[in-house]
Amino acid sequence: MTTRTLAIAAPWLLKAAAAADRAPALETLFWRGNRRKYLPESESRLYWQLFNRAPIEGDLPVGALCRYADLGETFEGCWLKADPVHLVADRDRVMLTGAVTDLEPPEIQSLVKAFNDLFCEDGWQLEAGDAGLRLRTPLSCTVRTTPLDEAIGDIHSLLPDGPDRMKWHRFLTELQMLLYGSPLNHEREASGRVPVNSLWPWGAGEIPPIVPSPWGSVHTQDGFVAGLVRRGGGASETVPDSFDALPASDDRLLVLPVPAAETREILMSSLEEQWFLPLEKALRAHRLGRLLLYPGNGWEVIITSGLLHRFWRRRRPLKEAF
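Computed from a predicted model, the values in this text were never measured in an experiment.

The rules behind these values
- Residues numbered from 1 in each chain as written.
- Predicted model: local features only at pLDDT ≥ 70, side-chain atom pairs only at ≥ 80, totals over all residues.
- Heavy atoms only, no water.
- Helix = DSSP H or I, 4+ residues; strand = E, 2+ residues; numbered from the N terminus.
- Rg over C-alpha atoms; globule rule 2.2 N^0.38 Å.
- Areas by Shrake-Rupley, 256 points an atom, 1.4 Å probe, with all protein chains shown as cover.
- Disulfide = S-S within 2.5 Å.
- Buried < 20%, exposed > 50% of the residue type's maximum accessible area, 1.4 Å probe, protein only.
- Contact = heavy atoms within 4.5 Å.
- Axes fitted to C-alpha atoms, helices over the stretch in contact; angles between N-to-C directions.
- Parallel < 35°, antiparallel > 145°, perpendicular 65-115°, else oblique.
- Left-handed = near helix turned anticlockwise from the far one by under 90°.
- Nonpolar A, V, L, I, M, F, W, Y, C, P; charged D, E, K, R; others polar.
- Pairing = 2+ DSSP bridges.
- Salt bridge = Lys/Arg side-chain N within 4 Å of Asp/Glu carboxyl O.
- Phe/Tyr/Trp six-rings, centres within 6.5 Å; stacked < 30°, edge-to-face > 60°.
- Lys NZ or Arg CZ within 6 Å of the ring centre and 35° of its normal.
- Expected span 1.5 Å × (residues − 1).
- Arc of directions from axis to C-beta.

S.K.: Would you explain the overall build of the chain in this entry?
M.R.: Per the secondary structure count, the chain includes ten helices and twelve strands. Radius of gyration (C-alpha) of the chain: 21 Å, near the 20 Å computed for a compact globule of 322 residues. Overall, the C-alpha framework of the chain stretches about 65 × 40 × 35 Å when taken along its three principal axes. Surface exposure of the chain reaches about 15800 Å², of which carbon and sulfur atoms provide 50%.

Right, dumping it as structure tokens:
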């Protein structure tokens with residue numbers, strides 16, 4: 001069976017490819033395809049648009065849809081993602097160095113319990129799910145937040161903003177004081193691991209209305225995408241290890257996660273072998289009718305067998321796509 005259309009969303013891909021040496025198959029697909037640069041560069045806003053959702057100002061309801069992906073039933077309240085992070089004081093600035101991703105299940109349970117013991121009576125709630133930590137706030141849902149992948153560096157201008165700005169800042173200060181003296185972080189520091197000294201809240205909103213999914217099948221490990229699929233009446237599937245393991249169908253969306261790799265060169269070599277070289281071969285053999293590629297930086301690339309014959313469009317390093 002021939003797959004009519006396969007869409008691959010990997011908003012991190014161009015940056016990874018630009019940092020590596022070369023990626024011949026991906027370069028062929030990108031430069032010989034029909035390219036348009038019109039999409040949001042934000043990862044969550046790209047996913048939102050791929051599910052035929054109308055653009056909205058302010059936050060996308062990432063937290064609520066991640067929760068909906070787990071529960072599959074409606075609920076009330078304003079929910080946000082609450083990613084564990086590590087902050088470092090630098091003179092008169094506070095720097096966000098990145099997410100803390102190595103928390104063990106008992107550590108997550110300890111963090112959730114400590115949080116709720118302190119804040120639950122004030123209307124805050126923290127819970128853990130398949131898509132990570134989620135936070136319910138009693139404050140206004142018109143808060144404007146910064147997605148974690150856009151927030152590395154000085155956090156002063158990136159903190160929650162809006163009518164309850166000062167309440168958010170007081171809450172985060174109290175949270176950081178709680179985590180500073182927590183047994184969880186004492187144990188992490190004693191074992192040489194990075195402490196969790198804050199949570200990064202982003203993606204505020206309530207459950208959005210139902211919009212039917214435009215995709216016959218969706219493969220994803222992203223909780224927000226899984227929530228969009230479920231809110232559209234579908235169910236997401238796991239991401240296979242390679243293109244050859246992907247079932248054939250009429251229309252299929254694949255949200256490609258960042259594979260674990262020691263260097264960008266190893267990463268791109270693996271992606272070339274498992275995905276982009278087989279994709280190129282499938283297109284040339286007419287086993288794939290059309291490939292839609294969303295590699296980040298606002299690009300949409302449409303590739304068909306016929307377009308691959310445009311030999312005069314030479315492949316070039318993907319750093320030239322920036």
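S.K.: Please clarify how the state of the cysteines should be interpreted in this entry.
M.R.: Formally, a disulfide is one covalent bond, and it connects the sulfur atom of one cysteine to the sulfur atom of another. Evaluation of the coordinates by the stated rule reveals one disulfide. Each sulfur of the disulfide joining C78 and C141 lies 2.2 Å from the other. Negative torsions about the S-S bond denote left-handed disulfides, and the value of about 80° found for C78 with C141 makes this one right-handed. Here C78 is found in strand β3 (residues 78–90), whereas its partner C141 is found in the loop between β6 (132–137) and β7 (153–154), with 63 residues between them in sequence. In this structure C66 is a free cysteine whose sulfur lies 13 Å from that of C78, the closest cysteine sulfur available. Unpaired in this structure, C120 has its nearest cysteine sulfur neighbour in C78, at a distance of 16 Å. Looking at C120, the relative accessible area reads 44%, which means it is partly exposed.

S.K.: I keep staring at the side chain of S198 and nothing clicks. Help me out?
M.R.: You can see S198 is positioned in strand β8 (residues 198–205). According to the relative accessible area criterion, S198 is buried, its value standing at 2%. Once residues within four sequence positions are removed from consideration, S198 is found in contact with D83, P84, V85, L87, Q176 and L179.

S.K.: How do you make sense of the packing of helix α5 (residues 105–119) against helix α6 (residues 165–180) when you look at a structure like this?
M.R.: Between two packed helices, what matters for the description is the angle formed by their axes and the separation of those axes. Between α5 and α6, whose axes approach to 11 Å, the crossing angle comes to 130°. Classified by the angle their axes make, α5 and α6 are oblique. Every pair of crossing elements has a handedness; the one defined by α5 and α6 is right-handed. Mapping the contact onto sequence places L111, A114, F115, L118 and F119 in α5 and F171, E174, L175, L178 and L179 in α6. Along the lines of polarity and charge, the residues of the contact of α5 with α6 split into nine nonpolar, no polar and one charged.

S.K.: Would you mind showing me how to read the pairing of strand β5 (residues 125–129) here?
M.R.: Pairing of β5 with β6 involves five bridges; the strand directions are antiparallel. Its bridge partner lying in β6, Q125 is registered against R136.

S.K.: For this particular structure, what's the right way to read the pattern of salt bridges?
M.R.: When the charged atoms of two side chains with opposite charge come close together, those side chains can pair. Tallied over the full model, the rule gives 17 salt bridges. Residues E280 and R284 are paired through a salt bridge, measuring 3.0 Å at the closest nitrogen-oxygen approach. With a gap of four residues between them, E280 and R284 both fall in helix α9 (residues 264–284), about one helical turn apart. Overall, E280 belongs to the buried group, its relative accessible area being 12%. The exposure class of R284 is partly exposed, given its relative accessible area of 35%. In this structure, R316 and E320 form a salt bridge, with 2.7 Å as the shortest nitrogen-oxygen distance. Overall, the relative accessible area of 22% leaves R316 in the partly exposed class. Take E320: its relative accessible area is 43%, and that puts it in the partly exposed class.

S.K.: What am I meant to see in unusual backbone geometry here?
M.R.: Peptide bonds are mostly trans, and most non-glycine residues show a negative phi. In this structure, N52 takes a positive phi of about 60° despite not being glycine. For N52, the position within the fold is in the loop between α3 (43–50) and α4 (62–71).

S.K.: Got a minute to help me understand the environment of D244 in this structure?
M.R.: Assignment of secondary structure puts D244 in the loop between α8 (223–231) and β10 (251–255). In the structure, D244 is positioned 38 residues away from A282 in sequence and 9.4 Å away in space, judged by C-alpha atoms.

S.K.: I would appreciate a short explanation of the packing of aromatic side chains in the present structure.
M.R.: Between two aromatic rings, the relevant description is the distance of the centres plus the angle of the planes. Inspection of the entire model under this criterion finds eleven aromatic pairs. Taken together, a centroid distance of 6.5 Å and an interplanar angle of 0° make the contact between W48 and F224 stacked. Residue W48 is located in helix α3, and its partner F224 is located in helix α8; the two are separated by 176 residues in the primary sequence. Judged on exposure class, the residue W48 and its partner F224 are both buried. Where F119 meets F171, the ring centres are 5.1 Å apart and the plane angle is 70°; that geometry is what we call edge-to-face. Of this pair, F119 sits in helix α5 while F171 is found in helix α6, placing the two residues 52 residues apart along the sequence. Accessibility assignment for this pair places F119 and F171 in one class, buried. Taken together, the ring pairs connect F115, F119, W124, W168 and F171 into an aromatic cluster. If you follow R67 out to its NZ or CZ, it ends over the ring of F75, 4.5 Å from the centre.

S.K.: Honestly, α6 in this entry has me stumped. Any pointers?
M.R.: Because the α-helix completes a turn every 3.6 residues, residues three or four places apart line up on one side. Its 16 residues place the ends of α6 23 Å apart at the C-alpha level, agreeing with the 22 Å of an ideal helix rising 1.5 Å per residue. Those residues of α6 that fall on the buried side of the exposure criterion are W168, H169, F171, L172, L175 and L179. An end-on view of α6 places all buried positions within 160° of arc, on one side of the element. Looking at α6, the residues exposed on the side facing more than 90 degrees away from the buried face are M177 and Y180. Next to the buried residues of α6 lie β3, α5, β6, α7 (183–190) and β8.

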